[in-house]
Amino acid sequence: MREEKHPVRVLCVFSTLDRGGAESMCMNLYRNIDREKVQFDFVKHTPERGAFEDEILSLGGRIYTAPRLKGYNFGSYLAWWNRHFKYHNEHHVVHGHFFTISPLYFYVAHKNNRVTVGHVHASRINGKIKNLLVSLIEKNADYCLACSKESGNWVYPHRKFSVLKNALDTQLFSYNPEVRKEQREALGLDNDCLVLGTVANFSAVKNPLGLLDIFKYIHDGNASAKLLWVGDGSLRNDIEQRIKDYSLNDSVILLGKRNDVPQLLQAMDYFLLPSLSEGLPVSAIEAQAAGLPCFISDTVTKEVDITGLCTFLPNGEEKKWSESILANTVIRTDTSERIRKAGYDIKDTANRIENFYLQINNKRR
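None of the values given here were measured: they were computed from a predicted structure.

(A) Fine view of the sheet that holds strand β7 (residues 162-163). The 7 strands lie next to each other as β3-β2-β1-β4-β5-β6-β7, forming an open sheet whose pairing is parallel. Each of the sheet's edge strands pairs with one partner strand only, and the pair in question is β3 (63-65) and β7. The sheet strands contacting helix α16 (residues 346-364) are β1 (8-13), β2 (38-44), β4 (93-96), β5 (115-120), β6 (143-146) and β7, and the helix crosses β6 at an angle near 170°.

This is how it looks when you write it as structure tokens:
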């Protein structure tokens, strides 16, 4: 009788399972790996249900909820991980995307003879304690991955690391004039009006109020300009107040969290990302895949410019952003081939990570 083969189950650790850059990258991989060979399970650190949870369950993944780490529950947090490994022998590989506290669960993983994979998605972080924890990652990760060279050099200064590119399905994002027309009609936008856009959560690191300052200058120069904003978050009240203060209620369209980002990108003319800090933003890769000229803060790694469509500008100089954007001429083209040549096609990246996990499992045997 033939022995039944089971997939290698990799435990992916996140803060939440909502639509963030790291989560979207992981889900892109999950959709494209051979799930008969490798299956993802997930740990989250919040009781709230995330946007990706239904899809994870439909793909055969399991979801576990760890307690939020706070100063008073350090012991119980480590105890949770000990219990998990005691009852889940299938989780031999622990892939830490929630990297600020990964040294803690990596420590428990090693005590339970598990393999740890550190994966950094940022280029810097604020806070002394968080930075201390980050400095311990390279000592606690068996394998080191990063979204960019800049991120890897920051977190693994003394270790070799591999860059795993934030790849995507190029066909899904390719520029399509017909989809652009359909989306604009659905959003009530004139075909010839100037449409700026962004995909970013309402958090301080994304510099949302700075984005509105930039758009205010653009709107002053072009009163018919619109801003499409995909995202949500804790600063929503501040953003809505700034929109009201600038009398932009009819010009800024807050779309919330959406699962149709590829289609919404088609409706835009330019993509803006004035973040204070990023690793290598998935949203900017997606925007380039849609053929959009991208205006990005110069704090973001230049590695993100894989098509020549990116212009880097300093935060705090909103008028300069406005002048650069309004002086630009939109020429949308299909960038699929450039994306693939740059190594950002999801099929190749999924095959690479799949083989990586299988090799780890073979070493275990």
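(B) The arrangement of the nonpolar core in detail. Of all hydrophobic cores here, the largest spans 55 residues; its most connected members are Leu196, Trp229, Leu265 and Phe271. The biggest single contributor to this core is helix α10 (residues 208-221), with 5 residues. Counting residues in hydrophobic clusters, the runner-up holds 31 residues, among them Val117, Leu145, Leu164 and Ile353.

(C) Spatial organisation of the pairing of β6. Here β5 pairs with β6 via 4 bridges, running parallel. For His119, the partnering residue across the bridge sits in β6 and is Leu145. Pairing of β6 with β7, which is carried by 2 bridges, proceeds in the parallel orientation. Bridging across to β7, Leu145 finds its partner in Ser162.

(D) Fine view of the sheet that holds strand β11 (residues 270-273). Taken in spatial order, the 6 strands make up an open sheet running β10-β9-β8-β11-β12-β13, and their pairing is parallel. Where the open sheet ends on each side, the last strands, each with one partner, are β10 (252-256) and β13 (310-313). Averaged over all pairs of adjacent strands, the angle between their axes in this sheet comes to 25°, without regard to strand direction. One ladder, built from 3 bridges, connects β11 with strand β12 (residues 294-297); its direction is parallel. Residue pairing in the sheet places Leu272 in a bridge with Phe295 of β12.

(E) A look at the side chain of Asn166. Structurally, Asn166 can be placed in the loop between β7 and α8 (170-173). Among the residues examined, Asn166 registers a relative accessible area of 2% and is labelled buried. A distance of 2.6 Å separates a polar side-chain atom of Asn166 from the backbone oxygen of Leu280. The residues contacting Asn166, other than those within four sequence positions of it, are Met25, Cys147, Leu280, Val282, Ile285 and Tyr344.

(F) Molecular detail of unusual backbone geometry. Unusually for a residue other than glycine, Asn113 sits at a positive phi of about 60°. Along the polypeptide, Asn113 turns up in the loop between α4 (102-111) and β5. Even without a glycine there, the phi angle at Asn207 is positive, about 55°. Relative to the assigned elements, Asn207 resides in the loop between β8 (195-199) and α10. Under the relative-accessibility criterion, Asn207 is labelled buried at 16%.

(G) Molecular detail of the packing of helix α1 (residues 21-32) against α16. Across the interface, α1 lies against α16 with an axial gap of 9 Å and an inter-helix angle of 85°. Comparing their axes, α16 and α1 come out roughly perpendicular. From α1, Asn28, Leu29 and Asn32 reach across to α16, where they touch Ile346, Lys347, Thr349, Ala350 and Ile353. Partitioned by chemical class, the residues of the contact of α1 with α16 number 4 nonpolar, 3 polar and 1 charged.

(H) Seen up close, the pattern of salt bridges. Within the structure shown, the criterion is met by 17 salt bridges. Measuring nitrogen to oxygen at the nearest pair gives 3.2 Å for the salt bridge that ties Asp220 to Lys216. Within this pair, Asp220 and its partner Lys216 are both found in helix α10, separated by 4 residues, close to a single helical turn. For Asp220, a relative accessible area of 53% gives the class exposed. Relative accessible area serves as the criterion here: at 23%, Lys216 is assigned to the partly exposed category.

(I) Region of interest: helix α13 (residues 282-289). Within α13, 8 of the 8 residues are buried, which leaves the element mostly enclosed by the surrounding structure. Within α13, burial applies to Val282, Ser283, Ala284, Ile285, Glu286, Ala287, Gln288 and Ala289.

(J) Structural view of the packing of aromatic side chains. Under the counting rule described, the total for this entry stands at 14 aromatic pairs. Relative to Tyr357, the ring of Phe40 lies with its centre 5.9 Å away and its plane at 90°, an arrangement referred to as edge-to-face. On the criterion of sequence distance, the pair formed by Phe40 in strand β2 and Tyr357 in helix α16 is long-range, its members being 317 residues apart. Of the two residues examined, Phe40 and Tyr357, each falls in the buried class. With a centroid separation of 5.7 Å and 75° between ring planes, the pair formed by Tyr270 and Phe295 is classed as edge-to-face. Note that Tyr270 is positioned in strand β11 and Phe295 in strand β12, a separation of 25 residues in sequence. For the pair formed by Tyr270 and Phe295, the shared burial category is buried. Here a set of aromatic residues connected by ring pairs shows up, and it is made of Phe14, Tyr30, Phe40, Phe42, Tyr143, Phe356 and Tyr357. One residue, Lys216, lies across the ring of Tyr246, its end atom 5.8 Å from the ring centre. Above the face of the Phe312 ring, Lys302 is positioned so that its terminal group lies 4.9 Å from the ring centre.

Reading the values: the criteria
- Residues numbered from 1 in each chain as written.
- Predicted model: local features only at pLDDT ≥ 70, side-chain atom pairs only at ≥ 80, totals over all residues.
- Heavy atoms only, no water.
- Pairing = 2+ DSSP bridges.
- Helix = DSSP H or I, 4+ residues; strand = E, 2+ residues; numbered from the N terminus.
- Contact = heavy atoms within 4.5 Å.
- Axes fitted to C-alpha atoms, helices over the stretch in contact; angles between N-to-C directions.
- Core = buried A, V, L, I, M, F, W, Y, C linked by side-chain atoms within 4.5 Å.
- Buried < 20%, exposed > 50% of the residue type's maximum accessible area, 1.4 Å probe, protein only.
- Polar contact = N/O pair within 3.5 Å; in protein donor to acceptor, adjacent residues only side chain to side chain.
- Parallel < 35°, antiparallel > 145°, perpendicular 65-115°, else oblique.
- Nonpolar A, V, L, I, M, F, W, Y, C, P; charged D, E, K, R; others polar.
- Salt bridge = Lys/Arg side-chain N within 4 Å of Asp/Glu carboxyl O.
- Phe/Tyr/Trp six-rings, centres within 6.5 Å; stacked < 30°, edge-to-face > 60°.
- Lys NZ or Arg CZ within 6 Å of the ring centre and 35° of its normal.

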